[in-house]
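Structural description and commentary
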Amino acid sequence: IAFGFFEEDVKYLFQQAELELNLEEVKSWYNGYKCGDLEGIYNPWSILNCISEQGALGPYWIKTGNDDMLRGMFIRAGLETKEEIQDLLSGKRIRSVIDDFISFDQIKEGREELIWSALWALGYLKVVSSKSSGSLRECELMIPNWEVECSYREVFLGFFRSIQGSKKYYHA
C-alpha cells in the first residue's frame, strides 16, 4: 500500500528496529484509517516517527501542518457544527454528507457544509459507514484514533476557549 501500513508492516518495522511493540497501544494511537475496502491502515508518518523515537507514542502527525485553514473554517462555523465537534470529542459519531471531490478552493470559500468533507479529506475523520449518491456520500463519521483525537483537543479546544467569552452558552 502506498499511503499507509498494515498491521504486518508495523510488526515488521518494530522488529527490524529491535523495539518492543505493544500492538494494542500502537493501534489505538495510529490505526483507524480506511481507503475503499481496505481497513486498519496505520499512519506511516507517525509509525516511522514513533520508531525513530525508540517507540515513544506521541502526536507526530499534527506537527506536520498548519491549522490556519481549519481555524478559519471553525470560526465561521455555526453552533450546530461546533456542537458536533464536541460530540466527536466525546467519542460519539456524527452523520454528514461527504463530497469525495472537494477542492481546496471550495474549502477556502468557507462554505460551512464542506467542513466535514474537508476534515475527512485531511485525515481528521474516518467514515464508519456510508451510502453513496454520485460524488456525495451520506456518512457516519468519527475520529479515527487517539493521535487525531489529541490533535482535535489541541486545535479545536483552543478554538472553543478563544470564543468562550463571546458565547456564554458554549463550553469547552
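As the structure is a prediction and not an experimental result, all values here were calculated from the model.

1. Points about the overall build of the protein
Summing up its helical and strand segments, the protein has 8 helices and 5 strands in all. Of the contacts formed within the protein by residues at least 6 apart in sequence, a portion of 61% connects residues at least 24 apart. Here the protein displays about 9700 Å² of accessible surface, and carbon together with sulfur accounts for 49% of that area.

2. A look at the side chain of Glu-147
Position of Glu-147 among the secondary structure elements: in helix 8 (residues 146–164). Of the residues examined, Glu-147 reaches a relative accessible area of 0% and is grouped as buried. Every residue in contact with Glu-147, bar those within four places of it in the chain, is listed here: Trp-29, Tyr-30, Asn-43, Ser-46, Gly-58, Pro-59, Tyr-60 and Trp-61.

3. Examining the packing of helix 1 (residues 7–16) against helix 2 (residues 23–30)
In contact at an axis separation of 12 Å, helix 1 and helix 2 are set at 120° when each is read in the N-to-C sense. In terms of their interaxial angle, helix 1 and helix 2 are classed as oblique. Crossing angle aside, the handedness with which helix 1 passes helix 2 is right-handed. Each of Glu-7, Val-10, Lys-11 and Phe-14 in helix 1 lies in contact with helix 2, whose residues at this interface are Leu-23, Val-26 and Lys-27. Taken together, the residues of the contact of helix 1 with helix 2 sort by class into 4 nonpolar, no polar and 3 charged.

4. A closer look at the pattern of salt bridges
Enumeration according to the criterion identifies 7 salt bridges in this entry. Across the salt bridge formed by Asp-100 and Arg-137, the nearest N and O atoms sit 3.0 Å from each other. Of this pair, Asp-100 sits in the loop between strand 3 (94–99) and helix 6 (104–109) while Arg-137 sits in strand 5 (residues 136–142), and the two are 37 residues apart along the sequence. By relative accessible area, Asp-100 is classed as partly exposed at 29%. Look at Arg-137 and you get buried, because its relative accessible area is 14%. Each of the salt bridges in this network shares a partner with another, and the network as a whole consists of Glu-7, Lys-11 and Lys-27.

5. Section: the sheet that holds strand 4 (residues 126–133)
Strand order in this open sheet of 3 strands is 3-5-4, and the pairing throughout is antiparallel. Single-partner strands in this sheet number two, and they are strand 3 and strand 4. Neighbouring strand axes in the sheet, compared pairwise and without regard to direction, differ in orientation by 30° on average. Where strand 3 meets strand 5, 6 bridges bridge the pair, whose relative direction is antiparallel. Bridging from a neighbouring strand, Val-97 pairs with Glu-138 of strand 5.

6. So, the side chain of Glu-84
Relative to the assigned elements, Glu-84 resides in helix 5 (residues 79–89). Buried within the structure, Glu-84 lacks any salt-bridge partner; Arg-95 is the closest side chain of opposite charge, at an N-O distance of 9.4 Å. Not counting chain neighbours up to four residues away, the residues in contact with Glu-84 comprise Ile-94, Arg-95 and Trp-116.

Procedures and definitions
Residues numbered from 1 in each chain as written. Predicted model: local features only at pLDDT ≥ 70, side-chain atom pairs only at ≥ 80, totals over all residues. Heavy atoms only, no water. Helix = DSSP H or I, 4+ residues; strand = E, 2+ residues; numbered from the N terminus. Contact = heavy atoms within 4.5 Å. Areas by Shrake-Rupley, 256 points an atom, 1.4 Å probe, with all protein chains shown as cover. Buried < 20%, exposed > 50% of the residue type's maximum accessible area, 1.4 Å probe, protein only. Axes fitted to C-alpha atoms, helices over the stretch in contact; angles between N-to-C directions. Parallel < 35°, antiparallel > 145°, perpendicular 65-115°, else oblique. Left-handed = near helix turned anticlockwise from the far one by under 90°. Nonpolar A, V, L, I, M, F, W, Y, C, P; charged D, E, K, R; others polar. Salt bridge = Lys/Arg side-chain N within 4 Å of Asp/Glu carboxyl O. Pairing = 2+ DSSP bridges. Lys, Arg positive; Asp, Glu negative; His and termini not counted.

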